[in-house]
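Residue strings, one per chain:
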Amino acid sequence: MICHETRDLIHAYLDGELDLMRSLEIERHLPACQACALIFQNHQALRSAITTGSLYHQAPDDLRRRVQSAVRQADQAKSKSWLRSWRWLSVGASLAAVAVLILALIPTGTSPPADDLMTKEVISAHVRSLMADHIYDVESSDRHTVKPWFNGRLDFSPPVTDLTEQGFPLKGGRLDYLDNRPVAALVYQRQQHIINLFIWPSAQAPQKAALKPVTQQGFHLIRWESAGMTFFAVSDLNERELEEFVRLALSQISPPTAPSGARPDR
Amino acid sequence: MQNPNQLARFEQAALPHLDAAYNLARWLTRNDHDAQDVVQESYLRALKFFGGFRGGDGRAWLLTIVRHTCYDWLRQNRRYEPLTDFDEELRDVESDAPGPEALLLRTAENQLLRRALEELPVEFREVLILRELEGLSYKEIADIAGLPLGTVMSRLARARRRLQQALTPRMREEAHL
């Protein structure tokens, strides 16, 4: 066996992938040829450096839990989707009925908000999320699952807080489209009421937040700016409870103790 | 997958290979955070395609999906990815030049080795990881990477030569320090 042949086959030999005949030929050649023997030794040394060098990355402990819960949720979502489409359809229908009723009873109850168009857009997004069986892209009550999910899907990182203890459990998140840009939508629940919290970076300087609920089509909306983001909470929940939700969310996202201008979420 | 047995079957087939999935994703994306995201996404894809899994080697099946997901990720984050340099090939840097490196290699710093591996172009890196760290056969690697057997063999050979070439000057530098 000549050298260039040996050098072609030396890797297969090293990996135990060479047939017996040719393995024997290599074993005859190596002691007779110093150059090939040295090459073989080098590759052998490299292999043992790699395999004994603790280069193997073990999965971090919490990844197993994270993967398992994601898999189970995906599995559950799949089997429930048929059921849910009917449920949301009926929820949507009753919401629409309530909205019609309220509109008929109090035709001029509220003054038109400043950014009427935005309000309409937000309500449409809210209703769409309830009716089209597309309320979550990521269904989880764990903010450490929901927040990273937005990575790579948005050009900003929305603050995600869990308000379960305060009676507003986080249910999940999804991508939505508002104000001509992709936005984060976080989904919270209060009893049977769904709250959509839309978040995107503020285009203009923060205005003094009025935090006054606006009512339209039977939905309540509250808009505010905090930490460079615009927030829009919308729900069919009553005004008082929605205000409580916003107050809690606001205190979690920018605690009063944080120095002004700091991003508490980072 | 409305059958709970099916979910249990999936978990039995796929979850034991989490380390293998993470190790491959970690070496291909070269950071922990993205590797974790890629692994989670891979498992969700695997669940979706579990109907097509005919039993047998769950690890090879899962690694095929992890590799696909990694390449999707790389396509979106290509900026930092070293590409195969064809000039280099013309200059034949991959020829086997015998030298007294074996001794040096034995004492190769882990850190040096890790860095040199990370800097290898991805198509060389993946065959080395699958062969040396995962201990897979040429046939298994060929199936996972969708390559002919001969290509697996030649890529491994070239990957090792490149790695050796990258390590030797660095080790000499370290030795002189």
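Residues numbered from 1 in each chain as written. Chains lettered and ligands numbered in written order. Predicted model: local features only at pLDDT ≥ 70, side-chain atom pairs only at ≥ 80, totals over all residues.

### Some details on the overall build of chain B
Part 1 of the argument: For chain B, the count of helices and strands is 10 helices and zero strands.
Part 2 of the argument: Along chain B, helices (α) and strands (β) appear in the sequence α-α-α-α-α-α-α-α-α-α when read from the amino end.
Part 3 of the argument: Taking all 177 residues of chain B together, the buried fraction comes to 37%.
Part 4 of the argument: Taking contacts inside chain B between residues at least 6 apart in sequence as the whole, the part at least 24 apart equals 74%. (Helix = DSSP H or I, 4+ residues; strand = E, 2+ residues; numbered from the N terminus. Buried ≥ 20, exposed ≤ 12 C-beta atoms within 10 Å, placed from the backbone. Contact = placed C-beta atoms within 7 Å.)

### Here's the deal with the overall build of chain A
Part 1 of the argument: Secondary structure summary: chain A contains seven helices and seven strands in total.
Part 2 of the argument: Starting at the N terminus and ending at the C terminus, chain A contains elements arranged as α-α-α-α-α-β-α-β-β-β-β-β-β-α.
Part 3 of the argument: Long-range pairs, those at least 24 residues apart, make up 57% of the contacts in chain A with a sequence separation of at least 6.

### A look at the packing of helix α1 (residues 3–14) of chain A against helix α3 (residues 34–51) of chain A
Residue and element names in this part refer to chain A.
Part 1 of the argument: For the pair α1 and α3, interaxial distance at closest approach is 10 Å and the crossing angle is 25°. Of the possible angle classes, the one that applies to α1 and α3 is roughly parallel. Relative to α3, the crossing made by α1 is right-handed. Mapping the contact onto sequence places Cys-3, Thr-6, Arg-7, Ile-10, His-11 and Leu-14 in α1 and Ala-35, Cys-36, Ile-39, Phe-40, His-43, Gln-44 and Arg-47 in α3.
Part 2 of the argument: Here the contact of α1 with α3 is built from residues that sort into seven nonpolar, four polar and two charged. (Axes fitted to C-alpha atoms, helices over the stretch in contact; angles between N-to-C directions. Parallel < 35°, antiparallel > 145°, perpendicular 65-115°, else oblique. Left-handed = near helix turned anticlockwise from the far one by under 90°. Nonpolar A, V, L, I, M, F, W, Y, C, P; charged D, E, K, R; others polar.)

### Overview of the confidence of the model for chain B
All names here are of chain B.
Part 1 of the argument: This prediction gives chain B a mean pLDDT of 82; 76% of its residues lie at or above 70.
Part 2 of the argument: Across chain B, the secondary-structure element scoring lowest on mean pLDDT is helix α5 (residues 86–90), at 44, and the one scoring highest is helix α2 (residues 18–29), at 96.
Part 3 of the argument: In the predicted complex, the global pTM is 0.55; the interface-specific ipTM is 0.84. (pLDDT = per-residue confidence, 0-100.)

### What to know about unusual backbone geometry
Part 1 of the argument: Residue Gln-191 of chain A is not a glycine yet carries a positive backbone phi of 45°.
Part 2 of the argument: Positive phi outside glycine occurs at Arg-30 of chain B, with the angle close to 65°.
Part 3 of the argument: Looking at the secondary structure, you find Arg-30 of chain B in the loop between α2 and α3 (32–48).
Part 4 of the argument: Since 17 C-beta atoms lie within 10 Å of it, Arg-30 of chain B is described here as partly exposed.

### Considering α1 of chain A
Part 1 of the argument: Over its 12 residues, α1 of chain A runs 16 Å from end to end, which matches the ideal 16 Å to within 8%, given 1.5 Å per residue.
Part 2 of the argument: Of the residues flanking the end of α1 of chain A, it is Gly-16 of chain A, one or two places downstream, whose phi is positive at about 65°. (Expected span 1.5 Å × (residues − 1).)

### Description of the pairing of strand β6 (residues 219–226) of chain A
Residue and element names in this part refer to chain A.
Part 1 of the argument: Most of β6 sits inside the fold, with six of its eight residues counted as buried.
Part 2 of the argument: Two strands pair when backbone bridges link them, and strand β5 (residues 214–216) and β6 are joined in this way by three bridges, in the antiparallel orientation. Looking at the pairing, Thr-215 lines up with His-220 of β6.
Part 3 of the argument: Connecting the antiparallel pair β5 and β6 is a turn made up of two residues, with Gln-217 showing a positive phi of about 50°.
Part 4 of the argument: The antiparallel hairpin formed by β6 and strand β7 (residues 229–235) contains two residues in its connecting segment, where Ala-227 sits at a positive phi of about 50°. (Pairing = 2+ DSSP bridges.)

### A few points about the interface of chain A and chain B
Where interface size is given, it is often the accessible area lost as the parts come together that is meant.
Part 1 of the argument: Contacts between the two partners involve 37 residues from chain A and, on the opposite side, 37 residues from chain B.
Part 2 of the argument: Counting residues per element, the ones that place at least two in the side of chain A that touches chain B are α1, α3 and α4 (61–105) of chain A.
Part 3 of the argument: Broken down by element, the side of chain A that touches chain B gets its largest block of residues, 12 residues, from α3 of chain A.
Part 4 of the argument: By residue class, the composition of the side of chain A that touches chain B is 17 nonpolar, 12 polar and eight charged.

### Some remarks on the environment of Glu-241 of chain A
Residue and element names in this part refer to chain A.
Part 1 of the argument: By secondary structure assignment, the location of Glu-241 is in helix α7 (residues 239–253).
Part 2 of the argument: A residue is classified by how many C-beta atoms lie within 10 Å of it, and Glu-241, with 17 of them, is partly exposed.
Part 3 of the argument: Once the C-alpha coordinates of Glu-241 and Arg-190 are considered, the two residues, 51 residues apart in sequence, prove to be 8.8 Å apart.

### Some points on the sheet that holds β7 of chain A
Residues and elements named next belong to chain A.
Part 1 of the argument: The seven strands are arranged β1-β2-β3-β4-β7-β6-β5 in an open sheet whose pairing can be described as antiparallel. In this open sheet, the two strands that pair with only one neighbour each are β1 (138–139) and β5.
Part 2 of the argument: With respect to the sheet, helix α5 (residues 116–131) is in contact with β2 (170–178), β3 (181–190), β4 (193–201), β5, β6 and β7, its orientation differing from that of β4 by roughly 130°.

### Description of the nonpolar core
Part 1 of the argument: By size, the foremost hydrophobic cluster in this structure holds 49 residues, and its most contacted members are Ala-21, Leu-24, Ala-25, Val-39 and Val-66 of chain B.
Part 2 of the argument: Setting aside chain neighbours within four positions, we find Val-39 of chain B in contact with Leu-63 and Val-67 of chain A together with Ala-21, Tyr-22, Ala-25 and Val-66 of chain B.
Part 3 of the argument: Ranked by size, the runner-up nonpolar core spans 40 residues in total, among them Val-138, Phe-150, Ile-199 and Phe-245 of chain A. (Core = buried A, V, L, I, M, F, W, Y, C linked by C-beta atoms within 7 Å.)

### A word on helix α2 (residues 20–32) of chain A
Part 1 of the argument: In this model α2 of chain A runs 19 Å from its N-terminal to its C-terminal C-alpha over 13 residues, within 8% of the 18 Å that 1.5 Å per residue would give.
Part 2 of the argument: Burial analysis of α2 of chain A places just zero of its 13 residues in the buried class, which makes it a mostly uncovered element.

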